[in-house]
Amino acid sequence: MSSRLTAKTLNGVGSFVHQCKRVTLRYSNWGGSSNGMRAFIKNNLKDIASQNPQIEFLVEQKSGHPLIRGDYVNGRDKVVCVRNLDPNEIMVKFNLTKNSSGAKLKTNNKPVESINESVRGIWSPFHIDPQFRHKV
Amino acid sequence: MLRVSQRLVSSRVGVSSAVRALSTSTACLSFKHSQRVFNTPQNRTDFGSYSLNYNPIPIPESEANLSPALHALRSRLQLTNEYPLSTLGRALTGSKSIDGEKYVNNAGMAQFGKNLINYYVTEHFLVKYPRLPTKVLNEVAYAHFSESSLSSTSTLWGIEVNNSTIIDSLISAESEQLRFGKLRFAKQFEDLTSQADEGIIELTTKDQRNRALGETTARAQAVQAIIAGIYAHRGRQAAREFIINHLIKNKKVDIDTLLQFPQATRELSRLCTREGLESPVSRLLAETGRNSAAPVFIVGVFSGNNKLGEGQGASLREAKTRAAVNALKGWYLYSPLDVQVPSITEADANTQFKSVYVDKGTVVI
């Protein structure tokens, strides 16, 4: 049975499912590096949570530096340390976490990557007019 | 005397009342250790008198409302507020769930959702590729609604499996609502045995009965159940659109890799005869390095002046076969433009269904 074909899923074709499923905001109750995070949770979190209903928010209190952690549908997570950052900077980091797909970072060397075959086909020396073909 | 096993009785109840099971309590098996789920009547063949000996309750909406994961999942799938979270929570309760005794599970919903998915997927490909051989058509449809495909869809939707055991949750004093947002099912059973009564012959083997639900199956059933929930709360049209967008449009299968032609040139020749075309002739179009270690031949297959296909190969024979395969793929993968599936009339009652192209069938070699 396992040898039978399974269709590949293309997120974004026909339907799109947001890849970031959970965001954890960790802060310390007394640490100075958590000042910005505490203000962020107090002032911004309510709005952010109502603007992003597709994400589950988790607020965690733990000593140490504050961090933002994103859990993604592919099973991976991304952790960003936000020590000593002010709420605006934390917002940038939050958006980064939210908009990420959770996939490992990689360099794209080709302008287009696709699992579809090229509609033009690949160039062939045999399909040009014989008089213009390269002669050995 | 008519003899049945308990398993047969239960599956009969589950299938025949797939739709009704959406509103009533489920009839699926949920064996506990040597505890019967069904009250057996005196007369064993009186199937109407079998009854459940436990009464599962639906997850209360107020409880489900407290689960952040359920809110997020509903929003992620754009199920709208018409879709109650209690239904979503039920869809994530596996048919062999650990709290299957307490809450209604998704067995009835999954069965109904499965039928919906199978119908719309099959209809789509039947109309889109009218010339595909039946075996290939089935395989293409299967690639879309198989358990492994639906399971990968559930992963994309961000459905998580509840990995904490009952003891874990008791120790950590985790609130019950937190578990509602996760897929709950029993991963393994020590023993699911129910002893057969006297005069009853068991038709299913012990291994079959004791098989716990695999994660793939549980995930697939959750997807099927969610779709059944859309049908129940938002109607057939919404369910149809959801299936098309989430299970058909965003899936890709290379159908041409499924086609195999053991006797390609012969099949093409028969096809041309059947369709009243001139018999196919292979012609060499281009070549290089005939006497070298790496020759390349380009062969076209023609019917009269029409080129049916083209192939390349390191030998004339290979190129010729590839050309015939190319021509046959062109024939079998024909996809008419502007087709309508029969269920289009569900979307708009005024739409008149245009009859679709029906092919003569595959070539008999």
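This one's a predicted model, so the numbers in the text were calculated from it and none came from an experiment.

**Student:** I'm lost on the overall build of chain A in this one. Help?
**Tutor:** Counting its secondary structure elements, chain A contains three helices and five strands. Going residue by residue from the N terminus, the α and β elements of chain A occur as β-β-α-α-β-β-β-α. Out of the 136 residues in chain A, the part that is buried amounts to 34%. In chain A, of all internal contacts separated by at least 6 residues, the share reaching a separation of at least 24 is 68%.

**Student:** Honestly, the packing of aromatic side chains in this entry has me stumped. Any pointers?
**Tutor:** Any two aromatic rings considered together are summarised by their centre-to-centre distance and by the angle between their planes. Evaluation of the coordinates by the stated rule reveals eight aromatic pairs over all chains. Measuring from centroid to centroid gives 5.6 Å for Trp157 of chain B and Phe242 of chain B, while their planes differ by 65°, and the two rings are edge-to-face. Taken together, the residues Trp157 of chain B in the loop between α7 (147-156) and α8 (166-171) and Phe242 of chain B in helix α12 (residues 236-248) connect sequence positions 85 residues apart. Like Trp157 of chain B, the residue Phe242 of chain B is buried in the burial classification. Sitting over the face of the ring of Tyr142 of chain B, Arg4 of chain A holds its NZ or CZ atom 3.6 Å from the ring centroid. Geometry around Phe302 of chain B places Arg283 of chain B over its ring, the cationic atom sitting 4.9 Å from the centre.

**Student:** What should I look at first to understand the pattern of salt bridges in this one?
**Tutor:** Proximity of charged atoms lets side chains of opposite charge pair with each other. A full pass over the atoms with the stated rule returns 18 salt bridges over all chains. Its salt-bridge partner being Arg69 of chain A, residue Asp71 of chain A comes within 3.5 Å of it at the nearest N-O pair. Note on Asp71 of chain A: relative accessible area 12%, which makes it buried. A salt bridge links Arg131 of chain B to Asp359 of chain B; the nearest nitrogen and oxygen atoms lie 3.5 Å apart. Of this pair, Arg131 of chain B sits in the loop between α5 (107-128) and α6 (134-145) while Asp359 of chain B sits in the segment after α15 (344-347), and the two are 228 residues apart along the sequence. For Arg131 of chain B, a relative accessible area of 12% puts it in the buried group. Through salt bridges with shared partners, a single network forms among Lys21, Arg22, Glu56, Arg69, Asp71 and Asp77 of chain A together with Glu160 of chain B.

**Student:** Would you take a moment to explain the environment of Arg322 of chain B for this structure?
**Tutor:** Relative to the helices and strands, Arg322 of chain B is located in helix α14 (residues 316-332). With 23 residues separating them along the chain, Arg322 of chain B and Val299 of chain B place their C-alpha atoms 8.4 Å apart.

Analysis parameters
- Residues numbered from 1 in each chain as written.
- Chains lettered and ligands numbered in written order.
- Predicted model: local features only at pLDDT ≥ 70, side-chain atom pairs only at ≥ 80, totals over all residues.
- Heavy atoms only, no water.
- Helix = DSSP H or I, 4+ residues; strand = E, 2+ residues; numbered from the N terminus.
- Buried < 20%, exposed > 50% of the residue type's maximum accessible area, 1.4 Å probe, protein only.
- Contact = heavy atoms within 4.5 Å.
- Phe/Tyr/Trp six-rings, centres within 6.5 Å; stacked < 30°, edge-to-face > 60°.
- Lys NZ or Arg CZ within 6 Å of the ring centre and 35° of its normal.
- Salt bridge = Lys/Arg side-chain N within 4 Å of Asp/Glu carboxyl O.

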